[in-house]
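Fold and geometry: a report
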Amino acid sequence: MLSRRLLIGAFTATLALGSAPAAMAQDIYIPLISKGFQHQFWQAVKSGADQAAAEFGVRITFEGPDNETMVDRQIDMLAAALANNPSAIGFAALDSQAAIPLLQQAADAGIPVIAFDSGVESDIPATTATTDNVAAAALAADKMAELIGGAGKVAVVAHDQTSRTGIDRRDGFLNQIEANYPDIEVVSVQYGAGDQLQSTEVAKAILTANPDLVGMFGTNEGSAIGIVNAIREMATEGVTIIGYDSGKAQTDAIREGLMAGAITQNPVGIGYETVKAAVAAMNGEELPAIIDTGFYYYDQSNIDDAEIQAVLYD
């Protein structure tokens, strides 16, 4: 693998030769760099991006690192994609700050940047296609409070503390509990890197240290399934689980009654809106700072409703 320095150098050298020539729609190339591929969520995002690419007659690629801890690998992928002088680029940041210098070079070269799922701490992106993760996590906190009777000890298994999604979902939940539910105590916030195996071990440790726990919130697919696995393996009873995302393992857990409910995003919509926004940005159209792709809470009572079925991806 080329070093990041070489990749960034290749990108800079490409820019020095001049920006991409104007092209017909079929020559428009838009790479999308995601946060990973290990979850069904990202496959659903890719599906939406593919739909938009076919509709708008552009060529896309979709790739991400092996897991959501590989910030350096993602930066290498971004540099390699930009070295090909794309027409625009979509980027879902694992770290909200690490990619800013490279994204600034892209912007300076006239390559529109569209953030998706997880934004960056910068106004470089023309827009960000994402879920309102703060509001969604606050809803998860409300549902948790309702289900545990507004009192008791709860814990959070989060996927990271560097991405915008990780920060917003963690803080959206914690701040809602602190502001509105004085009899609920959050006894632990731990990080499982979005990986279900690592999250399982994290959840086991929390359960062992807190035998009187009454609720757990998992901030993404891997985190939530890690909690489910831990509850199963330890044969723990009486813990209310609220998840985030809607892969098959989560929908199965909800149907079984092991998980109380979860937030589902609209991943197909995120992918579609990212490519659509990239085309619009290339055409000089103004875009809103945020494209809110929506979210829903689902449980056994509504999982088969048409509105929910449309945004599940199992």
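What comes next concerns the included structure. (Residues numbered from 1 in each chain as written. Predicted model: local features only at pLDDT ≥ 70, side-chain atom pairs only at ≥ 80, totals over all residues. Heavy atoms only, no water.)

Once that is clear, we can look at the packing of aromatic side chains. Here the distance between the centres and the angle between the planes together describe a pair of aromatic rings. Within this structure, the stated rule accounts for seven aromatic pairs. With centroids separated by 4.9 Å and ring planes inclined at 85°, the aromatic side chains of Phe 41 and Trp 42 adopt a geometry described as edge-to-face. Judged by relative accessible area, Phe 41 falls into the buried class, the value being 4%. Their ring planes at 15° and their centres at 4.6 Å tell us that Phe 173 and Phe 217 sit as a pair that is stacked. Taken as a pair, Phe 173 in helix 6 (residues 164-180) and Phe 217 in strand 8 (residues 213-218) lie far apart in primary sequence, 44 residues in all. Residue Phe 173 shares its accessibility class with Phe 217, and that shared class is buried. Taken together, Phe 37, Phe 41, Trp 42, Phe 62, Phe 116 and Tyr 313 form an aromatic cluster joined through their ring pairs. (Phe/Tyr/Trp six-rings, centres within 6.5 Å; stacked < 30°, edge-to-face > 60°. Buried < 20%, exposed > 50% of the residue type's maximum accessible area, 1.4 Å probe, protein only. Helix = DSSP H or I, 4+ residues; strand = E, 2+ residues; numbered from the N terminus.)

In this section: the pairing of strand 6 (residues 152-158). With five of seven residues buried, strand 6 is to be regarded as a mostly interior element. Crossover strand 6 to strand 7 (residues 184-191) through helix 6 is right-handed. Note: strand 6 against strand 8, five bridges, orientation parallel. Pairing of Val 156 across the sheet is with Phe 217, part of strand 8. (Right-handed = clockwise from strand over helix to strand, strands pointing away. Pairing = 2+ DSSP bridges.)

Let us look at the sheet that holds strand 1 (residues 29-33). If you trace the six strands from one edge of the open sheet to the other, you get 2-1-3-4-5-11, paired in parallel fashion. Across the chains shown, the open sheet's two edge strands, defined by having one partner strand only, are strand 2 (59-63) and strand 11 (290-292). Averaged over all adjacent pairs, the angle separating strand axes in this sheet is 20°, with direction ignored. Pairing geometry for strand 5 (residues 127-130) and strand 11, over three bridges, is parallel. When the sheet's bridge partners are listed, Thr 130 is paired in strand 11 with Asp 292. (Axes fitted to C-alpha atoms, helices over the stretch in contact; angles between N-to-C directions.)

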